[in-house]
Amino acid sequence: MHEGELRDLSRWLDCLPQFSMLTIAERETLMRATGKSLVDKGKILFQQGDPCTGLYLLLSGQIKLAFASPQGQEKVLQVIRPGESFCEAMLYAQRPYAFFAQAVRNSLLLHINKQSLHAVMASNVTFMQQIMQGVADGYHQLIVDFESVRLHSASERIVRYLLLEMDSTAGANSGVVNLDIAKGLIASQLNLTQEHFSRILSELHRFGLIVLNGRRIEIPAVNALQAYVPANV
């Protein structure tokens, strides 16, 4: 790896908070163990059943993490966005991936070798705690998603998703959601079909709770959307 690529790697690592506490020597250890790859849309990054080889960091694009049934049905676990890492929970697991990863857009990724991460985590407790915080956050989100699917209606799940994804000015009672993820992927994350997802968005629009404008969703009154108690649909 030439000097320009090493500078790029150092700059990318600087942008990720979990790597901010590394010493120069630790950073160099990880940079030597890091590979950069361009993954075309639709390409599989790894399959269910493959062994974990390290940690991935997404620089641009989108990556889908999903289960696949023998019948070919998919359940999306998560869509990874730029600046996010994934596969932290597998770094110490003595088992293969239970899900697959696929690029849903042309994507640029970094891959850091598992053995080098183990070595740096063993010498830097703060870094290890940051990685484990990512694992804990992922586990917590899985519990929240499971609770949502089991205890909340489809409409409630969609309202929660919109409120979570909303961009708003602090203190404002309005906001905007820009759907940067395909509707089919969002629907699968919420355990819905795309048709059901679109139908409920149309219903919320009809009630005046949201305004649909292509991939832009305006929320004119956040408190009204929060107070919405839908039928069990």
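Residues numbered from 1 in each chain as written. Predicted model: local features only at pLDDT ≥ 70, side-chain atom pairs only at ≥ 80, totals over all residues. Heavy atoms only, no water.

Engineer: I would appreciate a short explanation of the side chain of Glu88 in the present structure.
Structural biologist: One can find Glu88 in the loop between strand E6 (85-86) and strand E7 (100-103). In this structure, Glu88 is buried with no salt-bridge partner, the nearest side chain bearing the opposite charge being Lys114 at 14 Å. Within the local environment of Glu88, its side chain forms a polar contact with the side chain of Ser85, the two groups lying 2.3 Å apart. Other than its neighbours up to four places away in sequence, Glu88 contacts Leu55, Ile131 and Val135. (Helix = DSSP H or I, 4+ residues; strand = E, 2+ residues; numbered from the N terminus. Buried < 20%, exposed > 50% of the residue type's maximum accessible area, 1.4 Å probe, protein only. Lys, Arg positive; Asp, Glu negative; His and termini not counted. Salt bridge = Lys/Arg side-chain N within 4 Å of Asp/Glu carboxyl O. Polar contact = N/O pair within 3.5 Å; in protein donor to acceptor, adjacent residues only side chain to side chain. Contact = heavy atoms within 4.5 Å.)

Engineer: Please clarify how the sheet that holds strand E11 (residues 216-219) should be interpreted in this entry.
Structural biologist: Spatially, E9-E11-E10 is the arrangement adopted by the three strands of the open sheet, whose pairing is antiparallel. The open sheet has two edge strands, strand E9 (175-178) and strand E10 (211-213), and neither has a second partner. Direction aside, neighbouring strands of the sheet carry axes that sit 20° apart on average. (Pairing = 2+ DSSP bridges. Axes fitted to C-alpha atoms, helices over the stretch in contact; angles between N-to-C directions.)

Engineer: How should I be thinking about the environment of Ala93 in this particular structure?
Structural biologist: Positionally, Ala93 belongs in the loop between E6 and E7. Considered as a pair, Ala93 and Cys52 are 41 residues apart in the sequence and their alpha carbons are 8.3 Å apart.

Engineer: Would you explain the side chain of His152 in this entry?
Structural biologist: Tracing the chain through its elements places His152 in the loop between helix H4 (125-151) and helix H5 (154-165). Under the relative-accessibility criterion, His152 is labelled buried at 17%. Of note is the side chain of His152, whose polar atom sits 3.0 Å from the side chain of Arg160. Residues contacting His152, with those up to four places away along its chain left out, are Glu147, Arg157 and Arg160.

Engineer: What am I meant to see in the sheet that holds strand E8 (residues 107-113) here?
Structural biologist: Backbone hydrogen bonds are what pair the strands of a sheet, in a parallel or an antiparallel way. In spatial order, the strands read E1-E8-E3-E6; together these four strands make up an open sheet with antiparallel pairing. In this open sheet, the two edge strands, each paired with only one partner strand, are strand E1 (34-39) and E6. By the bridge criterion, two bridges tie strand E3 (residues 54-60) to E6 in an arrangement that is antiparallel. Pairing of Leu57 across the sheet is with Ser85, part of E6. Sheet strands touched by helix H3 (residues 114-123): E3 and E8. Its angle to E8, the strand with the most contacts, is close to 60°.

These figures come from the coordinates and say nothing about function on their own.
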